Amino acid sequence: MSKKYRGKGLIHLPSRGRGTCPMCKTRRIKLLYDVILNDGTKLTVCKRCRHKK
Ligand SMILES: [Zn+2]
């Protein structure tokens, strides 16, 4: 569980866990963290955005 987002754990994810972060718009970054917004929208964001709202 602790290394869920490293190495082989990424291979089965869509695009291997990479994409454009919906919050900071960085492309081809690893999107690993689910964030639930105040309005209930669920986003998958990069590590830099995981603590932001
Ligand atoms: Zn981001």
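Higher on the page you've got the structure.
Since the model is a prediction, treat every value here as computed from it, not as a measurement.

Parameters and conventions
Residues numbered from 1 in each chain as written. Predicted model: local features only at pLDDT ≥ 70, side-chain atom pairs only at ≥ 80, totals over all residues. Heavy atoms only, no water. Helix = DSSP H or I, 4+ residues; strand = E, 2+ residues; numbered from the N terminus. Buried < 20%, exposed > 50% of the residue type's maximum accessible area, 1.4 Å probe, protein only. Contact = heavy atoms within 4.5 Å. Areas by Shrake-Rupley, 256 points an atom, 1.4 Å probe, with all protein chains shown as cover. Donors = N, O, S within 2.8 Å, 3.2 Å for Na, K, Ca; no water. Tetrahedral: all angles 85-135°; square planar, octahedral: opposite > 155°, others 65-115°. Pairing = 2+ DSSP bridges. Patch = residues over 30% accessible without salt bridge, like charges linked within 9 Å, V, L, I, M, F, W, Y side chains within 5 Å. Salt bridge = Lys/Arg side-chain N within 4 Å of Asp/Glu carboxyl O. Lys, Arg positive; Asp, Glu negative; His and termini not counted. Charge placed at Lys NZ, Arg CZ, Asp CG, Glu CD.

Draft legend 1. Structural detail: the overall build of the protein. Along its length, the protein carries zero helices and four strands. Along the protein, helices (α) and strands (β) appear in the sequence β-β-β-β when read from the amino end. Seen along its three principal axes, the alpha-carbon backbone of the protein occupies a region of about 35 × 25 × 15 Å. Split into buried and exposed, the 53 residues of the protein put 23% on the buried side. Across the protein, the fraction of contacts at a sequence separation of at least 24, relative to all contacts at a separation of at least 6, is 15%. For the protein, the computed accessible surface area is about 4500 Å², with 51% contributed by carbon and sulfur atoms.

Draft legend 2. Inspection of the coordination of the zinc ion at higher detail. Taken together, C21 (SG), C24 (SG), C46 (SG) and C49 (SG) make up the protein donors of the zinc ion, found 2.2 to 2.3 Å from the metal. Coordination at the zinc ion comes from four donor atoms whose angles at the metal span 103 to 115 degrees, giving a geometry best classed as tetrahedral. Within one chain, the residues donating to the zinc ion are spaced in sequence as C-x2-C-x21-C-x2-C. Among the residues examined, C46 registers a relative accessible area of 0% and is labelled buried.

Draft legend 3. Structural context of the pairing of strand β3 (residues 33-36). As judged from the four bridges shared by β3 and strand β4 (residues 42-45), these two strands associate in the antiparallel manner. Counterpart to I36 in the pairing with β4 is K42. What sits between the antiparallel neighbours β3 and β4 is a turn of five residues, in which G40 has the positive phi angle 95 degrees.

Draft legend 4. Inspection of a positive patch on the surface at higher detail. A contiguous patch of positive charge, built from K3, R6, R18, R28, K30, K47, R48 and R50, is present on the exposed surface. Checked against the element boundaries, R18 lands in strand β1 (residues 18-19). On the basis of relative accessibility, which here comes to 40%, the residue R18 falls in the partly exposed class.

Draft legend 5. Representation of the pattern of salt bridges within the structure. Applying the stated rule across the entire model yields one salt bridge. For D34, the salt bridge identified is with K42, shortest N-O distance 4.0 Å.

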